[in-house]
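Chain by chain, the residues run as shown.
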Amino acid sequence: MTEVATKGELLLVGCGNMGRAMLQGWLAAGFIRPDEVHVVEPAEALRAEAAALGVRTYASAEALDAGFKPATVVLAVKPQVMAVVLPAYRSHVTESVVVSIAAGIPVSVLETGLGAVAAVRAMPNTPAAIGKGSTVIFANERVSHEQAERVARLLSAGGAVHSVEREALIDAATALSGSGPAYVFHFIEGLAEAGTQLGLPPQTAMALARETVFGAGALAMATDTPPAELRRQVTSPGGTTEAALHVLMDNDALKILLRIAATAAHSRAVELAGEA
């Protein structure tokens, strides 16, 4: 374990699907010890699951010791309850770096609810649950270099971590990597349906679609070769791939559709931040 990852105690507020996945990742990677973690989770069943990991659990913020000052606080509650939840933790975070993974919640909301706090807004995606995700972070000016390193280290349990210098870019990242897995899942659905229409058994078509996307992604990650060149390498003149690409690339059809989709996601992300 590295000093930067384990210095001080950690408070996790909310231990639903993403909160629990992050907690399991931290513990499995040895980034922090169970006895250094405190979890506030009102749902009894979820609290029991967290307790089974060896961490300390609480039903509410009121159950925390009055003088409890964790080094790191991770907010993994639903965006719609964030503003209501924050004030209860105001006295506990005066020495903390606070990390929010709630979509659409700007740093200004954290500062309003918690005061002049070192705050980091993070946008992970669902593959982070298996350590294959991407997380984009923005830190306000109160976050120290040591705190930024600690946060990046913790979030790296979920995969790659990228930092942006303008908070507005979090909304762009939401449209790309935050929502992006859903685009890929839909592509897998469509590819499998196409295979079924061509006569493959549904189970075989789905397996081939999943394996194809997984393998292509792994190949793209394993080399510095640009995706455009990888595409050219698999496209034989006059072959089957070229025939398919004539459809997908005609008038940049697929690229334009993806731009429209990402723009719609970005617009909604901006709206959510404005509504927070």
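In what follows, the accompanying structure is described. (Residues numbered from 1 in each chain as written. Predicted model: local features only at pLDDT ≥ 70, side-chain atom pairs only at ≥ 80, totals over all residues. Heavy atoms only, no water.)

### A word on the pattern of salt bridges
Counted under the stated rule, the structure contains ten salt bridges. Linking D35 and R33 is a salt bridge whose minimum nitrogen-to-oxygen distance equals 3.1 Å. According to the relative accessible area criterion, D35 is partly exposed, its value standing at 38%. The shortest N-O distance in the salt bridge between R33 and E36 comes to 3.6 Å. The class for R33 is partly exposed, based on a relative accessible area of 40%. By relative accessible area, E36 is classed as buried at 9%. Within this structure, R33, D35 and E36 form a network of salt bridges that share partners. (Salt bridge = Lys/Arg side-chain N within 4 Å of Asp/Glu carboxyl O. Buried < 20%, exposed > 50% of the residue type's maximum accessible area, 1.4 Å probe, protein only.)

### A word on the packing of helix α7 (residues 168-178) against helix α8 (residues 180-197)
It is the contact of α7 with α8, at a shortest axis distance of 5 Å, that shows an interaxial angle of 25°. When the axis of α7 is compared with that of α8, the two are roughly parallel. Across the interface between the two elements, A175, L176, S177 and G178 of α7 pack against G180, P181 and Y183 of α8. Each residue belonging to the contact of α7 with α8 can be placed in one class, and the counts come to four nonpolar, three polar and no charged. (Axes fitted to C-alpha atoms, helices over the stretch in contact; angles between N-to-C directions. Helix = DSSP H or I, 4+ residues; strand = E, 2+ residues; numbered from the N terminus. Parallel < 35°, antiparallel > 145°, perpendicular 65-115°, else oblique. Contact = heavy atoms within 4.5 Å. Nonpolar A, V, L, I, M, F, W, Y, C, P; charged D, E, K, R; others polar.)

### Brief notes about the nonpolar core
If you look at the biggest cluster of nonpolar residues, it comprises 29 residues, and the most contacted ones within it are L11, L75, M82 and Y89. Elements with a minimum of two residues in this core: β1 (10-13), β4 (72-75), α5 (107-114), β6 (118-123), β7 (133-139) and α7. Ignoring sequence-local partners within four residues, the contact set of M82 consists of L75, V77, S100, A102, I105 and L110. The next biggest cluster of nonpolar side chains, apart from the first, holds 26 residues, and it includes L12, A76, A118 and V151. (Core = buried A, V, L, I, M, F, W, Y, C linked by side-chain atoms within 4.5 Å.)

### Observations regarding empty space enclosed by the protein
The full count for this structure, using the stated rule, is three cavities of 30 Å³ or more. Considering only enclosed or pocket space, the largest cavity measures out at about 90 Å³ in volume. In terms of lining residues, the largest cavity is bounded by 13 residues, among which M22, A128, L155, A157 and G158 are the most central. Elements supplying a minimum of two residues to the lining of the largest cavity: α2 (17-29) and α6 (145-155). Of all the elements, α2 adds the most residues to the lining of the largest cavity, at five residues. (1 Å grid on protein atoms, 1.4 Å probe; cavity = no way out; pocket = protein on both sides within 12 Å on 5 of 7 lines; lining within 4 Å. Points joined across faces, edges and corners; volume = space filled by probe spheres on them.)

### What to know about the packing of α7 against helix α12 (residues 253-275)
Where α7 contacts α12, the axes come no closer than 8 Å and their chain directions differ by 135°. When the interaxial angle is binned, α7 and α12 end up oblique. Seen along the crossing, α7 lies across α12 with a hand that is right-handed. For the pair formed by α7 and α12, the contact residues are D171, A172, T174 and A175 on the first element and A262, A265, H266, A269 and V270 on the second. When grouped by side-chain class, the residues that make up the contact of α7 with α12 number six nonpolar, two polar and one charged. (Left-handed = near helix turned anticlockwise from the far one by under 90°.)

### Topic: the environment of P70
As for its placement among the helices and strands, P70 is situated in the loop between β3 (56-58) and β4. Classification of P70 by relative accessible area gives buried; the value is 1%. The spacing of P70 and H38 is 32 residues in sequence and 8.9 Å in space, taken between C-alpha atoms. Once residues lying within four places of it in the same chain are set aside, the contact partners of P70 are E9, L10, L11, H92, E95 and S96.

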